[in-house]
Amino acid sequence: MNFDRLKEKLEILADAAKYDVSCSSSGGTRKNKKGALGDSSVSGICHTYTEDGRCVSLLKILLTNHCIYDCAYCVSRSSNDIKRAAFTVEEAVDLTINFYRRNYIEGLFLSSGIFKNADTTMERLVRVAKKLRLEENFNGYIHLKSIPGASDDLMQEAAMYADRLSVNIEIPTESGLKLLAPEKNRQDMISPMRYIQKGIIQYQDEKKILKKVPKFAPAGQSTQMIVGATNENDLQIIKVADHFYKNFNLKRVYYSGYVPVLEDNRLPSLTTEVPMLRENRLYQSDWLMRFYGFKAEEILDPNIPFLDLEVDPKLSWALRHLDQFPVNIQTADYQMILRIPGIGVKSAQKIVSARRFQVLNLDHLRQLGASVNRAKYFIDFNAGNPFLKYLTHQNLKKLLMGGRSSKFHNQFSQQLTLF
Amino acid sequence: MTTLLYDGSFDGLFTAIFEVFEYRYRDVEIVNRERFHQKNIFAETHEVITQTDKSERVLKKLEQNLGKQGVHKFLKVFLSEDSELEKVILSAIKQSVKNPDKNILENYTDTNIMKISKICKSVDRESHRMTAFVRFEKMQDDIFFSKIDPDFNVLPLIRKHFSDRYQDQKWMIYDLRRNYGILYDLETSDFFYPEEKLEIKNYQDKFHDEEKNYQTLWQRYFTKTNIVERKNLRLHVQHVPKRYWKYLTEKW
Ligand code: SF4
């Protein structure tokens, strides 16, 4: 293996892949076989973090950045004058195995520019996964990008070897997609997703009856949307996400604040800032939908279609629904405790456990790890709560924002402590 | 006040706890013999001789009351090497014996229980970080070697993780601070306790020929996957605290 050439390829093809954010390794279920390599744990492990603060758990590379398409938002687009490179199947496999053996990564996230056509590209991706599984006995995590327009047969094979598959929606609205990627169409993106979704359901049914069925994309599917490349609003984005969660059983929808790297009059100018706070608010909304029992309609209104950048969406909801508060910490049900600003899933669970032993007060909540500065205005205790007089106060929002040590502390990433 | 002195082992601690009940000590503290400096010359001391049948009886009882997970929490507190570990464990066990039908470890308003919960959280966090931040380096004899120096004694907690994951390569993880490690030889993974500290000063000389290349590849990957426009060093350091940088190949 020519090390210098390999290094050069890696630099080009990691650089080109870095904007894709769907790179977590969670949801893996592959147990190692005796004497083999690799094990995917359900929660996934971030082995390091880039200097921009994002988790590195997978070797995230493109197989090639040659592409016949010309999507305006993509650095690999055909009209962009950049260095091109392509890994051989052997090289991609070798990097994965050797990085994995040194405990750098949880596995591989392999995507690709489209060379020749969808099927040729997909076939090459599948070959990497197949070699890893069958020849290298690799049980680590594999995430393959499904190429829009790839045939069902290839998708079937991909799902046998990969843990997760994804197609990036990229642009949340159809009109935006027409504008920025006129050669692509929604239908081509959705059909491989539909195929995999059907397969997963069938697999689950078979598993109920038969003990041994081959794995079929066991970590499910995910997708990604670029935020801020076109002028879509947050409500549209959340609705698209909700649609995919409901109708495609997606495991995750990722949001990627558009990083302006290309000069194009259809795109925001190169001096536009990356909308990181907006991206963060979208992730928070996403959590509310997935773990806090919020419906998409509760998070945003057609009248206010953008998320509040000043306060997180849960607090924003609370401020719009003061009539639902105060919540009695001793008696309220878990779902309602989850809706108290400043109380996350873990503290909510601890509250429900601890209150069986004792009547709780504010100090207890602090001990449990709740963010009391925020929660105190929304809670009622059996012994009363002096802060409640502020609940209907005109300046409640100000009061809450002043109470935070650092306004945007810890908010520029998808891996956050939320609420 | 009676001071029970034990040998610093897990079984020793639980033998001591057994004897607290056996001898009906009221005003009592349990102290690791190695860390014991007698302050009060009038205090009575009681030498505990480690007996696994006694410690096992306590552990069995605890498992009945608190489940396997509960016992695991005591192990984590023990491995934290916290200066108050004996005190909080004894307190929790007393509570559990009094309330056998309750999971007293969920009584988060009690200071000792809360302390256990906090310690477990820190220990969990560090063992999780160790599963992430261990970096193996391939040596000439094909062993993948890693040195660590965690704040808590987490090796026993991460053994299974690595044993499950790496079955077709020899590997070794060595705790520099505590001078012991785990060695997997393709058959079993066992703890080993060298008599002298392992000499690791020039161990790079014994790298496998290909090792440096893969390290370079990984470092280049790490640099290239970063998005400069989103640089946020504060967040970076929060996720990868500086004290761990010495483990990390990408932070050369
Ligand atoms: S098809 Fe994919 S790789 Fe090609 S230009 Fe469009 S987004 Fe980029």
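Just above sits the structure.
Report follows, based on the coordinates. Because the structure is predicted, anything quoted here is derived from the model rather than measured. (Residues numbered from 1 in each chain as written. Chains lettered and ligands numbered in written order. Predicted model: local features only at pLDDT ≥ 70, side-chain atom pairs only at ≥ 80, totals over all residues. Heavy atoms only, no water.)

Below, the discussion takes up the overall build of chain A. Secondary structure assignment for chain A yields 15 helices and 10 strands. A compact globule built from 419 residues would reach a C-alpha radius of gyration of about 22 Å, and chain A, at 23 Å, matches this within 12%. Taken along its principal axes, the extent of the C-alpha atoms in chain A is 70 × 55 × 40 Å. Here chain A holds 419 residues, and the buried ones make up 60% of them. Working note: accessible area of chain A is about 17100 Å², and carbon and sulfur atoms make up 51% of it. (Helix = DSSP H or I, 4+ residues; strand = E, 2+ residues; numbered from the N terminus. Rg over C-alpha atoms; globule rule 2.2 N^0.38 Å. Buried < 20%, exposed > 50% of the residue type's maximum accessible area, 1.4 Å probe, protein only. Areas by Shrake-Rupley, 256 points an atom, 1.4 Å probe, with all protein chains shown as cover.)

Let us now look at the interface of chain B and chain A. Each partner contributes residues to the interface: chain B has 55 residues there, and chain A has 68 residues. Buried area between chain B and chain A, summed over both chains or domains, comes out near 5700 Å², and the portion from carbon and sulfur atoms is 55%. Of all residues in chain B, the largest losses of buried area upon contact with chain A belong to B:Arg165, B:Tyr221 and B:Arg230, amounting jointly to 15% of the total for that side. Counting across the chain B and chain A interface gives eight salt bridges. Across the pair B:Asp168 and A:Arg101 runs a salt bridge, and its minimum N-O distance is 2.9 Å. Scanning the region where chain B abuts chain A turns up 36 residue pairs in polar contact (both at pLDDT 80 or more). Where the side of chain B that touches chain A is concerned, the elements lending two or more residues are helix 4 (111–133), helix 5 (155–165), helix 6 (211–224) and helix 7 (233–239) of chain B. Among the elements that line the side of chain B that touches chain A, the one with the most residues is helix 6 of chain B, at 11 residues. (Contact = heavy atoms within 4.5 Å. Buried area = accessible area lost by both parts, 1.4 Å probe. Salt bridge = Lys/Arg side-chain N within 4 Å of Asp/Glu carboxyl O. Polar contact = N/O pair within 3.5 Å; in protein donor to acceptor, adjacent residues only side chain to side chain.)

In this section: the nonpolar core. General note: in soluble globular proteins, nonpolar side chains tend to be found buried as a group. Counting 115 residues, the largest nonpolar core has A:Phe99, B:Phe14 and B:Phe74 as its most contacted members. Ranked by the residues each element gives to this core, the list is headed by helix 2 (residues 52–79) of chain B, at nine residues. Those residues in contact with B:Phe74 that sit more than four places away from it in its chain are B:Phe10, B:Phe14, B:Leu62, B:Leu66, B:Ile89, B:Ala92, B:Ile93, B:Leu105 and B:Ile116. If you look at the next biggest cluster of nonpolar residues, it comprises 76 residues, including A:Ala229, A:Leu307, A:Ile329 and A:Ala348. (Core = buried A, V, L, I, M, F, W, Y, C linked by side-chain atoms within 4.5 Å.)

Below, the discussion takes up the site of the ligand. Residue and element names in this part refer to chain A. Near the ligand you find Cys-67, Tyr-69, Cys-71, Cys-74, Arg-77, Gly-113, Ile-114 and Lys-184, and these make up its full shell. Counting atoms within 2 Å of the grid points, the majority share of the ligand lands in the largest cavity. For the shell around the ligand, the class distribution of residues is five nonpolar, one polar and two charged. (Near = heavy atom within 4 Å. 1 Å grid on protein atoms, 1.4 Å probe; cavity = no way out; pocket = protein on both sides within 12 Å on 5 of 7 lines; lining within 4 Å. Sits in = over half its atoms within 2 Å of the grid points. Nonpolar A, V, L, I, M, F, W, Y, C, P; charged D, E, K, R; others polar.)

The subject of this paragraph is the pattern of salt bridges. One side chain can pair with another of opposite charge once the charged atoms of both are near each other. All names here are of chain A. Under the defined criterion, the tally for this structure stands at 49 salt bridges over all chains. Close ionic contact of Asp-308 with Lys-397 constitutes a salt bridge, the shortest N to O distance being 3.1 Å. Taken as a pair, Asp-308 in the loop between helix 9 (296–299) and helix 10 (313–320) and Lys-397 in helix 15 (residues 396–402) lie far apart in primary sequence, 89 residues in all. The exposure class assigned to Asp-308 is partly exposed, which follows from its relative accessible area of 25%. On the basis of relative accessible area, Lys-397 is assigned to the partly exposed category, the value being 30%.

With that out of the way, let us pick up the sheet that holds strand 3 (residues 44–47) of chain B. All names here are of chain B. Taken together, the three strands give an open sheet; going across it, the order is 2-1-3, and neighbouring strands pair in parallel fashion. The open sheet is flanked by strand 2 (28–32) and strand 3, the only strands paired with a single partner. Going from strand to strand, the sheet's axes swing by 30° on average, the running direction of each strand aside. (Pairing = 2+ DSSP bridges. Axes fitted to C-alpha atoms, helices over the stretch in contact; angles between N-to-C directions.)

Inspection of the secondary structure puts A:Asn168 in the loop between strand 6 (164–166) and helix 5 (174–180). Among the polar contacts made by the side chain of A:Asn168, one reaches the side chain of A:Asp20 at a distance of 2.9 Å.

Time to look at empty space enclosed by the protein. All names here are of chain A. Tallied over the entire structure, the rule returns three cavities of 30 Å³ or more. Taken as a whole, the largest cavity encloses approximately 600 Å³ of empty space. Breaking the lining of the largest cavity down by element, the ones donating at least two residues are helix 1 (3–17), strand 3 (58–62), strand 4 (107–111), strand 7 (221–227) and strand 8 (252–257). Along the lines of polarity and charge, the residues of the lining of the largest cavity split into 19 nonpolar, nine polar and six charged. (Points joined across faces, edges and corners; volume = space filled by probe spheres on them.)

Before going further, it helps to examine a positive patch on the surface. Among the surface-exposed residues, A:Lys346, B:Lys118, B:Lys121 and B:Arg125 lie close enough to one another that they form a single positively charged patch. A total of three residues in the positive patch trace back to one element, the largest contributor, which is helix 4 of chain B. Looking at the secondary structure, you find B:Arg125 in helix 4. Of the residues examined, B:Arg125 reaches a relative accessible area of 46% and is grouped as partly exposed. (Patch = residues over 30% accessible without salt bridge, like charges linked within 9 Å, V, L, I, M, F, W, Y side chains within 5 Å. Lys, Arg positive; Asp, Glu negative; His and termini not counted. Charge placed at Lys NZ, Arg CZ, Asp CG, Glu CD.)

Residues and elements named next belong to chain B. Two elements in contact, helix 2 and helix 4, have axes whose closest approach is 9 Å; the angle formed by their N-to-C orientations is 75°. The angle between the axes of helix 2 and helix 4 places the two elements in the roughly perpendicular class. Packed against helix 2, whose contacting residues are Lys-73, Phe-74, Lys-76 and Val-77, the element helix 4 presents Ile-116, Ile-119, Cys-120, Val-123 and Asp-124 at the interface. Tallied by class, residues from the contact of helix 2 with helix 4 come to six nonpolar, no polar and three charged. (Parallel < 35°, antiparallel > 145°, perpendicular 65-115°, else oblique.)

In this section: the packing of helix 7 (residues 234–248) of chain A against helix 8 (residues 276–291) of chain A. Residue and element names in this part refer to chain A. Their axes nearest at 11 Å, the elements helix 7 and helix 8 cross at an angle of 40°. Relative to helix 8, helix 7 is oriented oblique. Here helix 7 runs over helix 8; the crossing is right-handed. From helix 7, Asp-234, Ile-237, Ile-238, Ala-241, Asp-242 and Tyr-245 reach across to helix 8, where they touch Arg-278, Leu-282, Ser-285, Asp-286, Met-289 and Arg-290. Taken together, the residues that form the contact of helix 7 with helix 8 break down as six nonpolar, one polar and five charged. (Left-handed = near helix turned anticlockwise from the far one by under 90°.)

So, on to the sheet that holds strand 4 of chain A. All names here are of chain A. Taking strand neighbours across the sheet as the criterion, the six strands line up as 3-4-5-6-7-8 in an open arrangement whose pairing is parallel. Only two strands of the sheet have a single partner each, and these edge strands are strand 3 and strand 8. Between one strand and the next, the sheet's axes are offset by a mean angle of 20°, whatever the strand orientation. Relative to strand 5 (residues 141–145), strand 4 is paired through four bridges, and the arrangement is parallel. Paired with Leu-110 across the two strands is Leu-144, which belongs to strand 5. In the packing of helix 6 (residues 186–209) onto the sheet, contacts are made with strand 6 and strand 7, and the angle to strand 7 comes to roughly 150°.

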